[in-house]
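Inside the fold
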Amino acid sequence: MAVLTINGKRHEAAVDPETPLLWVLRDTLGMTGTKYGCGIAQCGACTVHVDGVPVRSCSLPVSAVGDAKITTIEGLAEGGRLHKIQQAWLEGDVPQCGYCQSGMIMAAAALLAEKPNPTDADIDAAMTNICRCGTYQQVRAAIHAAAKA
Amino acid sequence: MDAIASISRRSFLVGSVAGAFSLGFDIPFARSQGTSAVREINAWVVVHPDDRVVIRIARSEMGQGTLTGLAQLVAEELECDWSRVSTEFPTPGQNVARGRVWRNFSTGGSRGIRESHEYVRQGGAAARAMLVSAAAKRWNVAEAECSTSNGVVSHAASGRRLRYGELAAEAATLEPPKDIKLKDVKDWKIAGKGVKRLDTAPKVDGTLVYGIDLRLPGMLTATIRDCPVQGGKLKGFDAAKVDRMPGVRKVVAVDGTAVAVIADSYWQARKALEALPVEWDMGPGAGTSSATIDAMLTEGLTAENVFIGTRVGDAKAAIAGAAKVVEAVYSYPYQNHATMEPMNATAIWTADRCEVWCPTQNGESALAAAAEAAELPVAKCDVHKAFLGGGFGRRGRSDYVRQAVLIARQMPGTPVKLVWSREEDMMHCAFHPVTKCKLTGALDASGKLVGLHMRISGQSILASLAPQGLQNGMDPVVFQGLNAGGTEGQFGYDVPNLLVDHAMRNTHVLAGFWRGVNLNHNAIYVECFMDELARAAGEDPLAFRRRYLKPKHRAVLDAAAERIGYGKPVPGRFHGVAQIMGFGSYVAAVAEVSVKEGQLKIHRIVAATDPGTVVNPAQIERQVAGSFVYGLSAALYGECTVKDGAIEQTNFDTYPVLRMDEMPHVETVLVPSGGFWGGVGEPTIGVAAPAVLNAIFAATGKRIRSLPVAKHDLRSA
Ligand code: FES
Ligand code: FES
């Protein structure tokens, strides 16, 4: 039985300890905002925060989470207010198909938490998520916009 | 969500074909189907008493923004309040039941808007006329005295006003008008504007339910492995080895070629499938490799028996009599679509009914596939379309829908969600076809281009996926962008002697529609070779092209060249140009690159498009930028190779794609010349690779004739 703190709430999941966090979130707990893209830590679609650090949940066994606090896309807004990255995403009309965007947003939110005013080089280094629709240009602009907000 | 609410959602159409399965289900994809039982004004428009307007969209939304563009066109003619507009997808089953009132659901070939703009605008205009008619009746005045704006009908003479929401119920009972006059494009207020997409909010908070996210009561999850070699068969498997693993419910054969594990969750299904001993009959493709395919295509470059796509004058004679002959052979590898969301579909089957939930670019063919696999009449089946996590042509096929239904049939009454692994997705699509092209150009003594022969050798998409579309064996789609005339993809250069022919060489690896389709390699072949010819003629590549280009082709190239400041790059950087026509639009690009110690950097791209008519410039800009990511991913890295008949690349580690740090700045220039409607999702992919390849040549003197760029050494010799 895995006991997890996700978005400030305690959850229990009766799963094999080797199950990646991604599938516990999606299948066991029904939190499907976190996406499956590759399963091998390549694409970033499954990015969540573990104690504030962006982590690719497809490659993190649930047993390795311990008592770390997990934040998913569903928990990024606080008190009904969108995170400023989400707000910038809305204003910048960033997503195309949107499938990669939960992961993009989680990676960008972690970047801003660490570097409130990221340079283009910071963005290049932190944002390694894959977007097949090719929203990179809008993603970059929205991160800069959020930094200024 | 209670059952009543979900039923009313489903029965928004008179005589709805809603099935028994919807009872008690929170209707998935409800966000897109937020209608209550309010009566529609017509198939396209529902107006609620509180003035909310729901516009029905038949085409699929896969990120390309068609949903928003089509809604803009309907809203424009309807003259409603744009801020109150939402959309919903009718189901393919409803389309069948209503005599195809929404016409074509198929979403590919950049056709979503250009093929349906007229009838969707007519739908909006008809609804507007009915609302006016209802107001005129109520006021007892002539319709001609009434005007509409922003969701309100006004009668100027008396100063009376009625909101659409107050008129909708009455309007819905009226006869539709006979004569509909559409607005002039220059009078547009909603269409033609760069309004934001309508579907963004649920994409930033994780609430949008994609097909892969679907959860139904009692649902199980399956994952599948198809024979690694396309055309091979499943020989057998040892279910006893895995059927006691946690969560496993059943191990099933699918269609004689695949095996699937059905379990409580994806991870359990996947682990069991990995542990399952399977025996394959790899079939006739097993002996094929990239090298054997290459040899077959090379033979086609000089073969006799070919299909002629374009013939003007006598190219062979012109070449024979040329002062200078230039010849080059190019090649283009297999590519995978690699949509971010892997293939998936959920099905529930009983002997009496089958319903499917899936991301699809073609709802109607998904429905046909579901009915066939279910062995039920179409009227007893339906497909609920999800927003797509990428399409790029991959989801025009319904292979995964068929599989999902065949699996669900082995669990009658239980919803089963089939989820492909990325690995399965990478090995089993219909790939961007492989082709080679031998180009022979004839220059006269003055350096003038007097003849050109393009021999394409390689796969036909139609032969793979839609052989009924072949014309006396010929695949006309092969000649995309190389047609002598027509409005779809006309060859841009006036060359007095031109021959384009095709040696069809098919393999067991399925070829399919991949964003940009055949334009991708055709544009590389023509546009890189034009550069070679220009150099051979001792002329600047832009100036050389301009001498032969037809006016509209030249105009977009000029627009791109002017914006980037062609010929005056930042010191140390180099320009490369390309143009092509495809999907009804004229496009051109100039790339600015540098190559330092073999390291390529693409600094800047200017891309110009003449789509005739612009419906949403902001979304076109995004499509164009995205098309460069897609096109450059393929050009720089993309290659699916074949070994023992199977595709070797199984994930993004071996099939790398462009990421943020390599994304050049893309500037979009729109030069709509009016009078036609061209597509925008795909055409600019065509110019992405050749513009960059030509710039690499300018920077290094290295002419890259086979992709991807990554396998070439760009260091100076
Ligand atoms: S799904 Fe985890 S990185 Fe791709
Ligand atoms: S928005 Fe479609 S993959 Fe990024």
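Conventions and cut-offs
- Residues numbered from 1 in each chain as written.
- Chains lettered and ligands numbered in written order.
- Predicted model: local features only at pLDDT ≥ 70, side-chain atom pairs only at ≥ 80, totals over all residues.
- Heavy atoms only, no water.
- Disulfide = S-S within 2.5 Å.
- Axes fitted to C-alpha atoms, helices over the stretch in contact; angles between N-to-C directions.
- Helix = DSSP H or I, 4+ residues; strand = E, 2+ residues; numbered from the N terminus.
- Parallel < 35°, antiparallel > 145°, perpendicular 65-115°, else oblique.
- Left-handed = near helix turned anticlockwise from the far one by under 90°.
- Contact = heavy atoms within 4.5 Å.
- Nonpolar A, V, L, I, M, F, W, Y, C, P; charged D, E, K, R; others polar.
- Pairing = 2+ DSSP bridges.
- Domains from an automatic or database assignment.
- Buried area = accessible area lost by both parts, 1.4 Å probe.
- Salt bridge = Lys/Arg side-chain N within 4 Å of Asp/Glu carboxyl O.
- Polar contact = N/O pair within 3.5 Å; in protein donor to acceptor, adjacent residues only side chain to side chain.
- Buried < 20%, exposed > 50% of the residue type's maximum accessible area, 1.4 Å probe, protein only.
- Core = buried A, V, L, I, M, F, W, Y, C linked by side-chain atoms within 4.5 Å.

As for the state of the cysteines
- Per the stated rule, a full pass over the model turns up 0 disulfides over all chains.
- Free of any disulfide, C358(B) has its nearest cysteine sulfur in C354(B), 10 Å distant.

Section: the packing of helix α2 (residues 84-91) of chain A against helix α3 (residues 101-114) of chain A
Residues and elements named next belong to chain A.
- Two numbers describe how α2 lies on α3: the axes approach to 9 Å, and their chain directions differ by 125 degrees. What the angle tells us is that α2 and α3 run oblique. Like other packed secondary-structure pairs, α2 and α3 cross with a definite hand, here right-handed. Between α2, through K84, I85, Q86 and W89, and α3, the contact on the second element is made entirely by Q101, M104, I105, A108, A109 and L112.
- Its residues placed into classes, the contact of α2 with α3 shows 7 nonpolar, 2 polar and 1 charged.

What to know about the sheet that holds strand β5 (residues 69-71) of chain A
All names here are of chain A.
- Within the open sheet, the 5 strands sit side by side as β2-β1-β5-β3-β4. Their pairing is mixed. Of all strands in the sheet, those bounded by a partner on one side alone are β2 (9-13) and β4 (53-56). Strand-to-strand twist of the sheet, defined as the mean angle between neighbouring strand axes without regard to direction, takes the value 40 degrees.
- Of the pairings in the sheet, the one linking strand β3 (residues 47-50) to β4 comprises 4 bridges and is antiparallel in character.

Concerning the domain arrangement of chain A
All names here are of chain A.
- Domains assigned within chain A are domain 1 (2-75) and domain 2 (84-148).
- Of note, the centres of domain 1 and domain 2, computed from C-alpha atoms alone, are 21 Å apart.
- Taken together, the contact between domain 1 and domain 2 spans 16 residues of the former and 12 residues of the latter.
- Summed over both sides, the interface between domain 1 and domain 2 buries roughly 1,100 Å², with carbon and sulfur atoms accounting for 59% of that surface.
- For the interface between domain 1 and domain 2, the tally reads 0 salt bridges.
- Seen at the junction of domain 1 and domain 2, the total is 6 residue pairs in polar contact (both at pLDDT 80 or more).
- Going through the elements one at a time, β3 and β4 are the ones with two or more residues in the side of domain 1 that touches domain 2.
- Sorting elements by how many residues they give to the side of domain 1 that touches domain 2 places β3 first, with 3 residues.

Looking at the pairing of strand β7 (residues 220-226) of chain B
Residues and elements named next belong to chain B.
- The element β7 is largely enclosed, with a buried count of 6 among its 7 residues.
- Here β7 runs beside strand β17 (residues 416-419); their pairing, made up of 3 bridges, is parallel. What sits directly across from L220, in β17, is V416.

Side note on the interface of chain A and chain B
- Counting residues at the interface gives 48 residues for chain A, matched by 57 residues for chain B.
- In total, chain A and chain B occlude about 4,400 Å² of area from one another, counting both sides; carbon and sulfur atoms represent 57% of this.
- Looking at the side of chain A facing chain B, the largest losses of area belong to D93(A), R132(A) and Y136(A), adding up to 20% of the total buried there.
- The interface formed by chain A and chain B holds 2 salt bridges in total.
- D213(B) is paired through a salt bridge with R26(A); the nearest N and O atoms lie 2.9 Å apart.
- Joining chain A to chain B, the criterion identifies 31 residue pairs in polar contact (both at pLDDT 80 or more).
- Sorting the residues of the side of chain A that touches chain B by element identifies α1 (21-28), α2, α3, α4 (120-126) and α5 (136-148) of chain A as the ones contributing at least two each.

Description of the nonpolar core
- Membership of the largest hydrophobic core comes to 202 residues, with the highest contact counts inside it found for W89(A), I143(A) and F628(B).
- Excluding residues that lie within four positions of it along the chain, W89(A) makes contacts with V94(A), P95(A), Q101(A), M104(A), I105(A), A108(A), V139(A), A142(A), I143(A), T200(B) and V204(B).
- The next biggest cluster of nonpolar side chains, apart from the first, holds 35 residues, and it includes I262(B), C381(B), V401(B) and V405(B).

Points about the domain arrangement of chain B
Residue and element names in this part refer to chain B.
- Segmentation of chain B into domains returns domain 1 (38-204), domain 2 (211-283 + 343-419) and domain 3 (290-335 + 431-711).
- The gap between the C-alpha centroids of domain 2 and domain 3 is 37 Å.
- When domain 2 packs against domain 3, the two sides together hide about 730 Å² of surface, and 60% of this comes from carbon and sulfur.
- On the domain 2 side of the contact with domain 3, Q230, F392 and R397 bury the most area, a combined 72% of that side's loss.
- At the boundary of domain 2 with domain 3, the tally comes to 0 salt bridges.
- The interface formed by domain 2 and domain 3 contains 2 residue pairs in polar contact (both at pLDDT 80 or more).
- Of the residues that constitute the side of domain 2 that touches domain 3, the class distribution is 3 nonpolar, 2 polar and 2 charged.

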